[in-house]
Amino acid sequence: MDNQKVLKDITKEIELASSQDQLQKIKVAYLGKKGKITDLLKSLKNLSIEEKKSKGAEINLLREKALFLFESKLKHIKTSEINSKLNSEFIDITFPPPHLIDAKIHPISKTFDEVISIFGSMGYTVAEGPDIETDFFNFSALNIPEDHPAREMQDTFYIEDKDEKGKPLVLRTHTSPVQIRTLLNEKPPIKIIAPGRTYRCDSDSTHSPMFHQVEGLFINENANMGDLKGTLIEFCKQFFEVQDLKVRFRPSYFPFTEPSAEMDIAYEIVDNKMHIGKGEKWLEILGCGMVNPVVLENCKLDSLKFQGFAFGMGLDRITMLKQGLTDIRSFFSGNLNWLAKHGFSLGEY
Ligand code: PHE
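About the cut-offs
- Residues numbered from 1 in each chain as written.
- Predicted model: local features only at pLDDT ≥ 70, side-chain atom pairs only at ≥ 80, totals over all residues.
- Heavy atoms only, no water.
- Near = heavy atom within 4 Å.
- Polar contact = N/O pair within 3.5 Å; in protein donor to acceptor, adjacent residues only side chain to side chain.
- Areas by Shrake-Rupley, 256 points an atom, 1.4 Å probe, with all protein chains shown as cover.
- Helix = DSSP H or I, 4+ residues; strand = E, 2+ residues; numbered from the N terminus.
- Nonpolar A, V, L, I, M, F, W, Y, C, P; charged D, E, K, R; others polar.
- Salt bridge = Lys/Arg side-chain N within 4 Å of Asp/Glu carboxyl O.
- Pairing = 2+ DSSP bridges.
- Buried < 20%, exposed > 50% of the residue type's maximum accessible area, 1.4 Å probe, protein only.
- Contact = heavy atoms within 4.5 Å.
- Axes fitted to C-alpha atoms, helices over the stretch in contact; angles between N-to-C directions.
- Parallel < 35°, antiparallel > 145°, perpendicular 65-115°, else oblique.
- Patch = residues over 30% accessible without salt bridge, like charges linked within 9 Å, V, L, I, M, F, W, Y side chains within 5 Å.
- Lys, Arg positive; Asp, Glu negative; His and termini not counted.
- Charge placed at Lys NZ, Arg CZ, Asp CG, Glu CD.

> Can you help me understand the site of the ligand in this one?
Close to the ligand lie 14 residues; His174, Ser176, Arg200, Gln213 and Gly312 are nearest. In the model, an oxygen atom of the ligand is placed 3.0 Å from a nitrogen or oxygen of the Gln213 side chain. When isolated, the ligand has an accessible area of 330 Å², and the protein chains bury 92% of it. Listed by contribution, the elements that provide at least two residues to the shell around the ligand are strand E6 (210-220), strand E10 (281-291) and strand E11 (307-314). For the shell around the ligand, the class distribution of residues is 5 nonpolar, 7 polar and 2 charged.

Next up, the structure:
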């Protein structure tokens, strides 16, 4: 058989092959023990030495060409097999899994959005700080010196890494360090809220080691306690959607505010349902007060010229109150059935 014809046939067959299987069969048919090219090589044995040399070289060339064609086609088939596999197994990771098409927004996320929107409508902008804080921002600049009993008010998580001064870093125990970061970076008038994660070594149905607060800070030349109360009452009316809201402010103590207070909201439980804003029971939702002049001075602000108020509110607490939930731990269980029941659809915004 003539070599050119074999090459033509093989080229055509390889071209038509569409799977590794087919290709392998063609390979056997040409290069296997009884393959066409193998036969050609076998037929050499009857020829003269001269002929063996020239014919042999030709057949070897043919063999090499055939092998090359097989290899390149094999590569081609493998690539397209991988591509079609990838296409058929494509997963759009930006898409919720089928059983979660109706994905829900976590109640805490909804509270974050509402808090930002309500304070935003009062002219507050959002400030941020890191979850891992230095002793300075979390404590000392806030007038909580070392060995001060106030440090024991908050069970702190310490981190092995140290700050520049050799003091251990902490997981911030409150959002108040954002007050310091803002006071050091901005000039009054200042009007910010700082919602975020906070951490304390505490866990039961109303305490979680990671929880959420929103800090508020208002500084100008004449802000007073009346402004503070008015702001917080207005916030609660809007957040709880209750116009006639019964609240009380109790004197309290925080090293970074003076005077300090805590705000409680009245509630009652009728037929197993919680009613917010009336009744004889009280729930504490936040700490607040006039910014201690010591804090202003720590941040190089003239405390004779500037004054203002600050507050720190527990976001998990107000979410539980609003949604009638009783166990803070359910927020962080990662339970999708829970979320399907207590989460919110975008439409509910
Ligand atoms: N940081 C205080 C706490 O976590 C709350 C607070 C903030 C009190 C601002 C007064 C002013 O308990």
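> How should I be thinking about the pattern of salt bridges in this particular structure?
Where charged atoms of side chains with opposite charge meet at close range, the side chains can pair. Here the structure, examined in full by the defined rule, presents 11 salt bridges. Measuring nitrogen to oxygen at the nearest pair gives 3.0 Å for the salt bridge that ties Asp9 to Lys5. With Asp9 and Lys5 both in helix H1 (residues 3-16) and 4 residues apart, the pair spans about one turn of that helix. Three or more residues joined by partner-sharing salt bridges are found here, namely Arg248, Arg250, Glu262 and Asp264.

> Honestly, the sheet that holds strand E4 (residues 168-171) in this entry has me stumped. Any pointers?
Strand-to-strand pairing in sheets goes through backbone hydrogen bonds, with the strands running parallel or antiparallel. Taken in spatial order, the 3 strands of this open sheet run E2-E4-E3, and their pairing is antiparallel. The strands lining the two open edges of the sheet, one partner per strand, are strand E2 (132-133) and strand E3 (158-162). Looking at chain direction, E3 and E4 are connected through 2 bridges and run antiparallel. Bridging across to E4, Lys162 finds its partner in Pro168.

> Mind showing me how you'd approach the pairing of E6 here?
Two faces, one strand: in a regular strand the side chains alternate between the faces of the sheet. Burial of E6 is extensive: 10 of the 11 residues sit out of reach of the surface. Across 10 bridges, strand E5 (residues 190-199) lies against E6 in antiparallel orientation. When the sheet's bridge partners are listed, Pro195 is paired in E6 with Val214. For E6 and E11, the ladder comprises 8 bridges, and the chain directions are antiparallel. Across the sheet, residue Gly216 finds its bridge partner in E11, namely Phe311.

> Could you clarify how one ought to interpret the side chain of Thr111 in this entry?
Mapped onto the elements of the fold, Thr111 is located in helix H5 (residues 107-121). With residues near it in sequence (within four places) discarded, Thr111 still touches Phe239, Leu315, Ile318 and Thr319.

> Help me understand the packing of H1 against helix H4 (residues 49-88) in this model?
Each packed pair of helices is defined by two parameters, the angle between the axes and the distance between the axes. Two elements in contact, H1 and H4, have axes separated by 10 Å at closest approach and are oriented at 5 degrees. Considering the angle they form, H1 stands roughly parallel to H4. Facing H1, whose interface residues are Asn3, Val6, Leu7, Ile10, Thr11, Ile14 and Glu15, H4 presents Glu58, Ile59, Leu62, Lys65, Ala66, Leu69, Phe70 and Lys73. Classifying every residue of the contact of H1 with H4 by side-chain character gives 9 nonpolar, 2 polar and 4 charged.

> Would you mind going over a negative patch on the surface with me for this structure?
Residues Glu152, Asp155, Asp202 and Asp204 make up a contiguous surface patch of negative charge. Note that Glu152 resides in the loop between helix H6 (135-138) and E3.

> Help me understand the environment of Asp327 in this model?
Its place among the elements puts Asp327 in the loop between helix H10 (315-323) and helix H11 (336-342). The exposure class assigned to Asp327 is partly exposed, which follows from its relative accessible area of 26%. Once you skip the residues sitting within four places of it in the chain, Asp327 turns out to touch Ser205 and Met320. Of the polar contacts made by the side chain of Asp327, one reaches the backbone nitrogen of Arg329; its length is 2.9 Å.

As far as function goes, none of this settles anything; it's purely spatial.
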